[in-house]
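Summary of the model geometry
Below are the chains, spelled out letter by letter.
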Amino acid sequence: MTIIKINAITVPADSGDELGSRFAARRHSMEGTEGFEGFELLKPTDDRTTWLVITRWASEEAFEAWRTSRDFQNSHSGGESDSAEPPKKPVGMSAELWSYTTSVTG
């Protein structure tokens, strides 16, 4: 069974492209993470300002291990801890984490 985590990130109307650019720059950063199966960044096609980050995990334990890891802290602090660049300010105004599992009905 796959665990789905959806991070609904609300951004100012003029900041969505910046969010997309930041995700594009780090698109390979999760490769090799134990239990990580993939992710998608969904951009709204209407006047909404909430973007959806959808990640798939082999288990809740795999997600929690990543969420409490140094890699997670680095990726959510605005920059790598050993980077010479100053940390970037968050793009999002708010975020909400949703959890699902896959389900097939006949």
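Just above sits the structure.
So, a few notes on the structure that sits alongside this text. (Residues numbered from 1 in each chain as written. Predicted model: local features only at pLDDT ≥ 70, side-chain atom pairs only at ≥ 80, totals over all residues. Heavy atoms only, no water.)

**Side note on the environment of Trp-51**
Checked against the element boundaries, Trp-51 lands in strand S3 (residues 50-57). Each C-alpha atom, one on Trp-51 and one on Ile-9, is 5.2 Å from the other, the two residues being 42 residues apart in sequence. (Helix = DSSP H or I, 4+ residues; strand = E, 2+ residues; numbered from the N terminus.)

**Some remarks on the side chain of Ser-69**
Here Ser-69 is to be found in the loop between helix H2 (60-67) and helix H3 (70-76). Residue class for Ser-69 comes out buried when judged on its relative accessible area of 19%. A polar atom in the side chain of Ser-69 sits 2.6 Å from the backbone oxygen of Trp-66. Separated by 3.4 Å, the side chain of Ser-69 and the backbone nitrogen of Asp-71 make a polar contact. (Buried < 20%, exposed > 50% of the residue type's maximum accessible area, 1.4 Å probe, protein only. Polar contact = N/O pair within 3.5 Å; in protein donor to acceptor, adjacent residues only side chain to side chain.)

**Observations concerning the pattern of salt bridges**
Under the definition given, this model contains 6 salt bridges. Taking the shortest distance from any N to any O, the salt bridge between Glu-18 and Arg-22 comes out at 2.8 Å. Highlighted residues: Glu-18 and Arg-22, both in helix H1 (residues 16-25), separated by 4 residues, approximately one helical turn. Here Glu-18 falls in the partly exposed class, since its relative accessible area comes to 36%. We classify Arg-22 as partly exposed; its relative accessible area is 24%. Glu-40 is the salt-bridge partner of Arg-56, the closest N and O atoms lying 3.5 Å from each other. Note that Arg-56 is positioned in strand S3 and Glu-40 in strand S2 (residues 36-42), a separation of 16 residues in sequence. We classify Arg-56 as partly exposed; its relative accessible area is 26%. (Salt bridge = Lys/Arg side-chain N within 4 Å of Asp/Glu carboxyl O.)

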